[in-house]
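One-letter residues, chain by chain:
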Amino acid sequence: MGEWTSAVGAPQLARLLASQRPAGAVAEVPGRRVPAYRALADGVRLLVLEGRLPVAARVPAERELAAALAVSRTTVAAAYEALRGEGFLASRRGSGSWTAVPAGNPLPTRALEPLPPEAASSVIDLGCAALPAPEPWLTRAVGGAMEALPPYAHTHGDYPAGLPILRQALADRYTERGIPTMPEQIMVTTGAMGAVAAICRLMVRPGERVAVESPSYANVLQLMREMGTRLVPVAMADGLRGWDVAGWRQVLRDAAPRMAYVVADFHNPTGALASNEQRRDLVEAARSAGTVLVVDETMADLPLEPDVRMPKPVSAFDPAGNAVITLGSASKAFWGGLRIGWVRAAPEVIRTLVAARAYADLGTPVIDQLAVNWLLGNGGWEEAVAVRRAGARENRDALVAALERHLPDWEFTIPRGGLTLWVRTGGLSGSRVAEAGERLGVRVPSGPRFGIDGAFEGYVRLPFTVSGAIADEAAVRLAAAARLVATGAGAEGESTRLFVA
């Protein structure tokens, strides 16, 4: 890496470093003193490994960081020198110093990208909340798509708004849920992330505010950061009680964000389900503030208990269609390899999104669209999703039982739907647990990936992707990782700080 490509200020780096100590933490491992420079170097190294401090980010000058951390300049200089020796910092006279990764090390993955197939035999992947395809429905859907393909093969194949038959099928599905919808209100996208990206490009200019739940879906937060938006966090209610509507009213009133992004149905990562009253109140607050409310419904098909009564869609409380844009996806409910998402909005919004799409990806693969259309039109969707729910419920129960056996100090509330468990790590640093876990063969994303500016250091997210003996082994490896953190054993035998409640 020859030069830095971004910069981190001293106050921001100080906040990130401070976030590695959860609320209520105490100092060091009893009987073990970690030199101040070593603790600082370890903290920066961890931020780089986790991806929270970008590679090639220019770090503050020694004097600036020393002032922000209230330590001596000698401490910062020694920490920087240690990082250079380990390959995590590069310097050039006149250009300052910037973050790096040692030769031969992979760039940080943040534990949210799918694990490479070649590593699957040695690593238990709890990073990606995605399950294998439900069969035989995937094979049947692809077969049905191939049968329907010939007429489309005689066209150019680009459908920026989506195939008309799929737009109609999705509109019919919303209508069946009590939200009258026309095909002109639907745009098919390449997955839910494609939908979010299209909406952000249309709705938000760099520097404008976007309100988000805290915590929220990590990949969407990263997308919005990279698009230059200013994220305004709004805390979730305690436990699984959904949104703190009073908090939302205050943020919408005081910050006047251009847009807000929320997950109402089995929130990712907490699993919370917003009530009808919360949905109505949030729509009213957004309408009053002039904020566009973007609602992610990717988990809406995944209640895991038969007695769960699903609330109305958020768009049901916006009959005029002026305040709410809804997005959905086949990836969570069916299969991540079927990259089909969609946007439901007012027709004029859809027209604008479609017109702007020519500068992005032109359209979504035709065969994938035909496969989803086959599922929706031949009853395969409901059958496959029922199997998906049963599998996710079995996985959830196995993971919960394994955590209770091997990590009884970890705290969580069992969600009644969705694919994720939000776990408080018994006062330990979630970032350090994730780092140690990867070395022990279990991959998890730490809490700060789902927050703003280092929040949720004391958490990890665990998806319902494994069951039986694998779930138990995952908990065993996480327990071993927790012991490494609790006893201060870091990478390559170095000491790390202990965080205890």
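I will try to describe carefully the structure that is included in this document. What you are looking at is a predicted structure, and each value in this text was computed from that prediction instead of being measured.

Looking only at helices and strands, the protein chain has 16 helices and 15 strands in total. For the protein chain, long-range pairs separated by at least 24 residues make up 76% of all intrachain contacts whose partners lie at least 6 apart in sequence. Accessible area of the protein chain: about 20700 Å², with a carbon and sulfur share of 54%.

So, about the pairing of strand 13 (residues 420–424). The element strand 13 is extensively covered by neighbouring structure, given that four of its five residues are classed as buried. Taken together, the five bridges between strand 13 and strand 15 (residues 459–463) define a ladder with antiparallel strand orientation. Directly across from Trp422, in strand 15, lies its bridge partner Arg461.

Spatially, 6-12-11-10-9-7-8 is the arrangement adopted by the seven strands of the open sheet, whose pairing is mixed. Whereas interior strands pair on both sides, the edge strands pair on one side only; in this sheet they are strand 6 (186–189) and strand 8 (230–235). If you compare each strand with its neighbour and ignore which way they point, the axes differ by 20° on average. Pairing geometry for strand 6 and strand 12 (residues 341–344), over four bridges, is antiparallel.

What follows covers the side chain of Ser97. Tracing the backbone shows Ser97 in strand 4 (residues 96–99). Side-chain polar atoms of Ser97 contact the side chain of Arg84, separated by 3.3 Å. A polar contact of 2.6 Å, which involves the side chain of Ser97, links it to the side chain of Ser91. With residues up to four places along the chain from it excluded, the contact list for Ser97 reads Ala57, Arg58, Val59, Arg84, Leu89, Ala90 and Ser91.

Our next topic: the packing of aromatic side chains. Considering all chains together, one arrives at six aromatic pairs under this definition. Their ring planes at 75° and their centres at 6.2 Å tell us that Tyr152 and Tyr159 sit as a pair that is edge-to-face. Between the aromatic rings of Trp422 and Phe456, the centroid separation amounts to 5.7 Å while the plane-to-plane angle is 70°, which identifies the pairing as edge-to-face. Of the two residues, Trp422 sits in strand 13 while Phe456 sits in the loop between strand 14 (442–443) and strand 15, which places them 34 residues apart along the sequence. You can call Trp422 buried: its relative accessible area is 11%. Aromatic rings pair up to connect Trp422, Phe450, Phe456 and Tyr459 into one cluster. The cationic tip of Arg344 hangs over the ring face of Tyr174; the distance from NZ or CZ to the ring centre is 5.8 Å.

Between side chains of opposite charge, a pair can form as their charged atoms come close. Applying the stated criterion to the full structure yields 22 salt bridges. Linking Glu382 and Arg173 is a salt bridge whose minimum nitrogen-to-oxygen distance equals 3.3 Å. Taken together, the residues span a long stretch of sequence, with Glu382 in helix 14 (residues 380–406) and Arg173 in helix 7 (residues 164–176) at a distance of 209 residues. Glu382 gets classed as partly exposed once you look at its relative accessible area, which sits at 42%. Linked by salt bridges that have partners in common, Arg38, Asp42, Arg45, Glu86 and Glu435 make up one network.

On to the nonpolar core. Counting 38 residues, the largest nonpolar core has Leu126, Leu403, Trp410, Leu421, Val444, Leu462 and Leu478 as the members making the most contacts within it. Elements represented by at least two residues in this core include exactly helix 14, strand 13, helix 15 (430–439), strand 15 and helix 16 (468–486). Residues Met203, Leu221, Val292 and Ala345 belong to the second largest nonpolar core, which totals 32 residues.

What follows is about the packing of helix 5 (residues 137–148) against helix 13 (residues 366–377). In the contact formed by helix 5 and helix 13, the axes pass within 8 Å of each other and the chain directions differ by 115°. The pairing of helix 5 with helix 13 is recorded here as roughly perpendicular in orientation. Crossing handedness for the pair helix 5 and helix 13: right-handed. Side by side, helix 5 and helix 13 meet where Trp137, Arg140, Ala141, Val142, Gly144, Ala145, Met146 and Ala148 of the first sit next to Ile367, Leu370, Ala371, Trp374 and Leu375 of the second. Looking at the contact of helix 5 with helix 13 residue by residue, the class counts come to 11 nonpolar, one polar and one charged.

With that settled, the discussion passes to unusual backbone geometry. Omega for the bond connecting Glu135 with Pro136 falls within 30 degrees of zero, at 10°, which places this linkage in the cis form. Structurally, Pro136 is set in the loop between strand 5 (124–125) and helix 5. For the peptide bond that leads from Asn268 to Pro269, omega is 25°, which places it in the cis range. Among the secondary structure elements, Pro269 is positioned in the loop between strand 9 (259–262) and helix 11 (276–289). Phi is positive for Phe266, close to 55°, though the residue is something other than glycine. The phi dihedral of Leu362 falls on the positive side, at around 65°, and the residue is not glycine. Residue classification places Leu362 among the partly exposed positions, given a relative accessible area of 40%.

Each value, and the rule that gives it
The residue count restarts for each chain, going from 1 along the sequence in the order it is written. Thresholds applied to this predicted model are a pLDDT of at least 70 for local features of residues and 80 or more for the giving and counting of side-chain atom pairs; totals over whole chains, interfaces and linings are not thresholded and use all residues. With hydrogens and water excluded, all non-hydrogen atoms of the structure serve as input to the side-chain values. Starting at the N terminus, helices and strands are each numbered in turn, a helix being any DSSP run of H or I of at least four residues and a strand any DSSP run of E of at least two. Throughout, a contact is declared for two residues whenever any of their heavy atoms are within 4.5 Å. Areas reported as accessible are Shrake-Rupley estimates using a 1.4 Å probe. Residue values count occlusion only from the protein chains shown. When a residue's accessible area, from a 1.4 Å probe over protein chains only, is under 20% of the maximum for its type it is buried; when over 50% it is exposed; and in between it is partly exposed. By the convention used here, strands pair only if DSSP detects at least 2 bridges between them. Helix axes use the C-alpha atoms of the stretch in contact, all axes being lines fitted to C-alpha atoms, and the angles between their N-to-C directions lie in the range 0 to 180 degrees. By the criterion applied in these results, polar contacts are pairs of N or O atoms within 3.5 Å in which, for protein atoms, one can donate a hydrogen and the other can accept it, and in which residues neighboring in sequence qualify only through two side-chain atoms. Stacked, tilted and edge-to-face are the three classes applied to pairs of Phe, Tyr and Trp rings, where Trp contributes its six-membered ring and a pair requires centres within 6.5 Å; stacked means planes under 30 degrees apart, edge-to-face means over 60, and tilted covers the rest. Working rule: Lys NZ or Arg CZ, within 6 Å of ring centre, within 35 degrees of ring normal, means a charge sits over the ring. Note on definitions: salt bridges are taken to be side-chain nitrogens of Lys or Arg within 4 Å of carboxyl oxygens of Asp or Glu. Here the nonpolar core consists of buried residues drawn from Ala, Val, Leu, Ile, Met, Phe, Trp, Tyr and Cys, with membership extended through side-chain atoms lying within 4.5 Å. Roughly parallel means an angle under 35 degrees; roughly antiparallel, over 145; roughly perpendicular, 65 to 115; everything else is oblique. Two helices that cross are described as forming a left-handed crossing if the nearer one is turned anticlockwise from the farther one by less than a right angle, and a right-handed crossing if clockwise. Think of it as three bins: nonpolar holds Ala, Val, Leu, Ile, Met, Phe, Trp, Tyr, Cys and Pro, charged holds Asp, Glu, Lys and Arg, and polar takes everything else, Gly as well.

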